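Secondary and tertiary structure notes
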Amino acid sequence: MAGVNWLDISTLIIYFAVVLGVGVFKGRGAREDSRSFFVAKGTLPWWVIAATFIATGMNTEQLVGQNGMAYQIGLPMANWYFIVFIVYSLLIFIFLPVYMRNGITTMPEYLGRRFNSACQNVFTVILILTYVFMNLAVVFYGGAKLLEVVFGLNIWAGVLLIGVVSGLYTMYGGMRSAAYAATIQFALIFVSGFFLMYLAYNRLPNGWSDVVASAPCGFHLMKPTDYPVIPWHAVPLTILGIHLYYSCANQALVQGCFGARREWDARIGLIAAGFCVALRPFIEIFPGMCCRAIAVFDPSFDLGDQPIDNVFPIMIRQLVQPGLRGLILIGILASVMSTIAAFLNSISTLFTLDVYKKWIDPKAPEEKLVKVGTIATLVLMIFGVLFSPFVGILGGGIFKYFQTLASYVTVPLATVFLLGVMWKRATPASALTILLAGVPIGLLMHYQFVPAVFAPETIRQYSLDNPFITGAMTQAVCVVLMVAVSFVTRPREAEAIAPLTFSVKNLRLPADEPKRPFYQSVPFWWVLFVAFYVGLYVWLW
């Protein structure tokens, strides 16, 4: 491996040993029944949930893609983190109580119980395909590509290394192994990330003022409507679409909450995760902005004609000396493997409970379900290893590949979950209509409707061809269509779906939860959480 010495190799070996050891140790006993294996039934404390939620959401798509975009457009990238106080609040008070109090294990299971089996089946297929071809493939490829560019490791060897280690402990202990291993990886991600940020900051002659001075169009979160990638109106317009799906209906993220000891642990864990999100820009955005600032004084940091995905590798090569690169390497691997483990476990859960048990062997005993889940994890790991190197060929790069697929898939799904939870009149026929027609609607909106209806100057002035803006338009159409179909089709009985929809009583914890002092209460910490992010927006607007 180029640029890596014996100390880096030793650090890497210790990392693999610790992660495997923690995953195997904490996975003991998890194979006794399917709920213990897949969702760590009632075993996870709040701090594990917080660490798992953060670590699962951090991967090379953010490390590489976000830092590259931050180099190009600056602070607006932080909006994707700072609006968590809205979407996390929706999860804490609206979606999570519905999921947990109904014993939901998978997101398709919720749609099956709220609407019908057809919705569950369609969503299961969509979810498995997107997780395999969009999420898992991108994370495998991104981690291996970064190892190749920075450390000279062959991309196939990198994919195999990452896949084998993350797959082994997930196969052994399921969700519990993945969750506790993610706790270790959570710490490593932030240690290595802040170390790189510290090195970058020390290269700035005038400190943070250099970052502010070099920020494109000023050091602000909100930019004009014609600003590339993230104009200001894209921020509110994506909250109930892409961001709601990612935080409130994403199996890989939400599944960690289902293993909470109590609902209090899940809610407090999410609030703690929300506070930690404020640290992520120091790893995934500010290094890219520092690189742009350093380039003013040091041409070796200037991208020139290179693709923006090279920002993160350039910083590692230029700032981190051999002997210390092992620390950065384990941070990269931690971000990759925690996400891979979560997705492997989520996809095997979906396949075992929503495909195998439902369609193939409804009477399968618990031991067989765990065995099927283990085999599914192995197969997924092998497929991910084999397919992921083709992401660079098929998608034209990590960021483009991921964003292109995500912008069309997530918005219709978010619409179905939002109306399904919030509106009792939403019917099975309306949900199935959106699940089947949502992606085609998005494609028509982007490639046909916007160019045909709006003048080129209007499109440019309001960024109407931006995938986030066309996604919001798509959601508006999906909402109207779902409401219209609901009014002309038969809803399910109100009594049957009442527990599966929002109720004011869900705002409070269940009556059987222990009474806690005010400084441990969910409302106390939620108010501080919201006030913190509102303050950030007031400061940086």
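Residues numbered from 1 in each chain as written. Predicted model: local features only at pLDDT ≥ 70, side-chain atom pairs only at ≥ 80, totals over all residues. Heavy atoms only, no water.

**What about the overall build of the protein chain?**
When helices and strands are counted, the protein chain shows 26 helices and zero strands. The buried share among the 541 residues of the protein chain stands at 61%. Looking at the protein chain alone, contacts between residues at least 24 apart form 85% of all its contacts between residues at least 6 apart. Total accessible area computed for the protein chain in this model is approximately 20400 Å², and 69% of it derives from carbon and sulfur atoms. (Helix = DSSP H or I, 4+ residues; strand = E, 2+ residues; numbered from the N terminus. Buried < 20%, exposed > 50% of the residue type's maximum accessible area, 1.4 Å probe, protein only. Contact = heavy atoms within 4.5 Å. Areas by Shrake-Rupley, 256 points an atom, 1.4 Å probe, with all protein chains shown as cover.)

**Thoughts on the side chain of E513**
Following the sequence through the fold, E513 ends up in the loop between α25 (494-497) and α26 (522-540). Buried charged residue E513 carries no salt bridge. Nearest counter-charge: R516, at 4.3 Å. Of note is the side chain of E513, whose polar atom sits 3.4 Å from the backbone nitrogen of W264. For E513, the contacting residues outside a window of four places in its chain are R262, E263 and W264. (Lys, Arg positive; Asp, Glu negative; His and termini not counted. Salt bridge = Lys/Arg side-chain N within 4 Å of Asp/Glu carboxyl O. Polar contact = N/O pair within 3.5 Å; in protein donor to acceptor, adjacent residues only side chain to side chain.)

**Some remarks on the nonpolar core**
In summary, soluble globular proteins display a tendency toward joint burial of nonpolar side chains. In this structure, F95 and Y99 are the most contacted members of the largest nonpolar core, which totals 148 residues. A per-element tally of this core places helix α6 (residues 84-101) first, with 13 residues. Excluding anything up to four places from it in sequence, Y99 contacts I104, M107, Y110, C248, A249, V254, F258 and F417. (Core = buried A, V, L, I, M, F, W, Y, C linked by side-chain atoms within 4.5 Å.)

**Observations concerning the pattern of salt bridges**
What the rule picks out here adds up to nine salt bridges. Here D298 makes a salt bridge to R203, at a shortest N to O gap of 2.7 Å. Here D298, found in the loop between α16 (286-295) and α17 (311-319), pairs with R203, found in the loop between α9 (155-202) and α10 (208-214); they are 95 residues apart in sequence, far enough to count as distant. In this structure, E457 and R460 form a salt bridge, with 2.8 Å as the shortest nitrogen-oxygen distance. Here E457 and its partner R460 are both found in helix α23 (residues 456-461), three residues apart, which amounts to about one turn of the helix. The class of R460 is partly exposed, set by a relative accessible area of 45%.

**Observations regarding a nonpolar patch on the surface**
A cluster of nonpolar side chains, namely V125, L129, F133, F351, W359, I360 and F383, defines an oily patch on the protein surface of about 620 Å² accessible area. If you list the elements that add at least two residues to the nonpolar patch, you get α8 (117-151) and α18 (325-360). Within the fold, F351 resides in helix α18. Residue classification places F351 among the partly exposed residues on the basis of a relative accessible area of 31%. (Patch = residues over 30% accessible without salt bridge, like charges linked within 9 Å, V, L, I, M, F, W, Y side chains within 5 Å.)

**Notes on the packing of helix α22 (residues 428-453) against helix α24 (residues 467-488)**
Where α22 contacts α24, the axes come no closer than 9 Å and their chain directions differ by 145 degrees. The hand of the α22/α24 crossing is right-handed. On α24, the residues touching A429, S430, A431, T433, I434, G438, I441, G442, M445, H446 and V450 of α22 are T470, M473, T474, V477, C478, L481, M482, V485 and S486. (Axes fitted to C-alpha atoms, helices over the stretch in contact; angles between N-to-C directions. Left-handed = near helix turned anticlockwise from the far one by under 90°.)

**Thoughts on the packing of aromatic side chains**
Scanning the model with the defined rule gives 25 aromatic pairs in all. With a centroid separation of 5.7 Å and an interplanar angle of 75 degrees, the aromatic rings of Y99 and Y110 are classed as edge-to-face. With a gap of 11 residues between them, Y99 in helix α6 and Y110 in helix α7 (residues 107-114) connect regions that are remote in the sequence. The exposure class of Y110 is buried, given its relative accessible area of 0%. Taken together, F82, F85, F275, F529, F532, Y533 and Y537 form an aromatic cluster joined through their ring pairs. The ring of W264 carries the charged tip of R516 above its face, separated from the ring centre by 3.8 Å. (Phe/Tyr/Trp six-rings, centres within 6.5 Å; stacked < 30°, edge-to-face > 60°. Lys NZ or Arg CZ within 6 Å of the ring centre and 35° of its normal.)

**What to know about the confidence of the model for the protein chain**
Per-residue pLDDT for the protein chain has a mean of 83; in total, 83% of the residues score no lower than 70. The low-confidence segment residues 27-34 (pLDDT under 50) makes 23 contacts with residues lying over four places distant or belonging to another chain. When the criterion is pLDDT under 50, residues 36-40 qualifies, and its contacts beyond four places in sequence or with other chains add up to 34 contacts. (pLDDT = per-residue confidence, 0-100.)

**Quick look at unusual backbone geometry**
Its identity is not glycine, yet S463 carries a phi of approximately 50 degrees, on the positive side. Mapping S463 onto the fold places it in the loop between α23 and α24. Look at S463 and you get buried, because its relative accessible area is 7%.

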